[in-house]
Amino acid sequence: MLYKTSGVCSQGIEFDVSEDKTVHNVKFIGGCSGNTQGVAKLAEGMKAEDVISRLEGIRCGRKPTSCPDQLAKALRQVL
């Protein structure tokens, strides 16, 4: 899946969700490389619902969203 982000530095997020709703192959397009790589590795192998519950609502500075929050939004859209 390719999710087009909004309100953050990254332009999109590529990821897979298996039939058992496990998250795999997360890759942010753009954004702060170290942070997005860290989020991607932490989400790998987790249930989508767990990723959503941990990342949803995280803000980046004064922005109302963040790259982790955008991943949560993308996963919610898939589910």
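Please read these numbers as outputs of a predicted model, since none were measured by experiment.

Calculation rules
Residues numbered from 1 in each chain as written. Predicted model: local features only at pLDDT ≥ 70, side-chain atom pairs only at ≥ 80, totals over all residues. Heavy atoms only, no water. Core = buried A, V, L, I, M, F, W, Y, C linked by side-chain atoms within 4.5 Å. Buried < 20%, exposed > 50% of the residue type's maximum accessible area, 1.4 Å probe, protein only. Helix = DSSP H or I, 4+ residues; strand = E, 2+ residues; numbered from the N terminus. Contact = heavy atoms within 4.5 Å. Patch = residues over 30% accessible without salt bridge, like charges linked within 9 Å, V, L, I, M, F, W, Y side chains within 5 Å. Areas by Shrake-Rupley, 256 points an atom, 1.4 Å probe, with all protein chains shown as cover. Salt bridge = Lys/Arg side-chain N within 4 Å of Asp/Glu carboxyl O. Pairing = 2+ DSSP bridges. Axes fitted to C-alpha atoms, helices over the stretch in contact; angles between N-to-C directions. Arc of directions from axis to C-beta.

(A) A look at the nonpolar core. Counting residues in each nonpolar core, the largest one holds 20 residues, and the members touching the most others are Val-26, Val-51, Leu-71 and Leu-75. Mapped onto this core, the elements with two or more residues apiece are strand E2 (12–17), strand E3 (23–29), helix H1 (33–43), helix H2 (48–55) and helix H3 (67–78). Counting residues per element, this core draws most heavily on H3, which supplies five residues. When near neighbours in sequence (up to four residues on either side) are disregarded, Val-26 contacts Ile-13, Glu-14, Phe-15, Ala-40, Ala-43, Glu-44 and Leu-71.

(B) Structural view of a nonpolar patch on the surface. On the surface, Met-1, Val-78 and Leu-79 cluster together to form a nonpolar patch covering roughly 250 Å² of accessible area. Tracing the chain through its elements places Met-1 in the segment before strand E1 (2–4).

(C) Seen up close, the sheet that holds E2. Spatial ordering of the open sheet is given by E1-E2-E3, a layout of three strands whose pairing is antiparallel. At either margin of the open sheet sits one strand with a lone partner, and together these are E1 and E3. Geometrically, the sheet is characterised by an average inter-axis angle of 20 degrees between neighbouring strands, direction not taken into account. The sheet contact formed by E2 and E3 spans five bridges and is antiparallel. Directly across from Gly-12, in E3, lies its bridge partner Ile-29.

(D) Structural view of H2. If you check which residues of H2 are buried, you get Ala-48, Val-51, Ile-52 and Leu-55. The arc that holds every buried residue of H2, seen down its axis, measures 100 degrees, which confines them to one face. Residues Ser-53 and Arg-54 are exposed on H2 and point more than 90 degrees away from its buried face. Where H2 is buried, its residues contact E3, H1 and H3. Two residues or fewer after H2 comes Gly-57, characterised by a positive phi angle close to 90 degrees.

(E) Geometry of the pattern of salt bridges. Under the defined criterion, the tally for this structure stands at three salt bridges. Linking Glu-56 and Arg-76 is a salt bridge whose minimum nitrogen-to-oxygen distance equals 2.9 Å. Within this pair, whereas Glu-56 is found in the loop between H2 and H3, its partner Arg-76 is found in helix H3, the two being separated by 20 residues in sequence. By relative accessible area, Glu-56 is classed as partly exposed at 40%.

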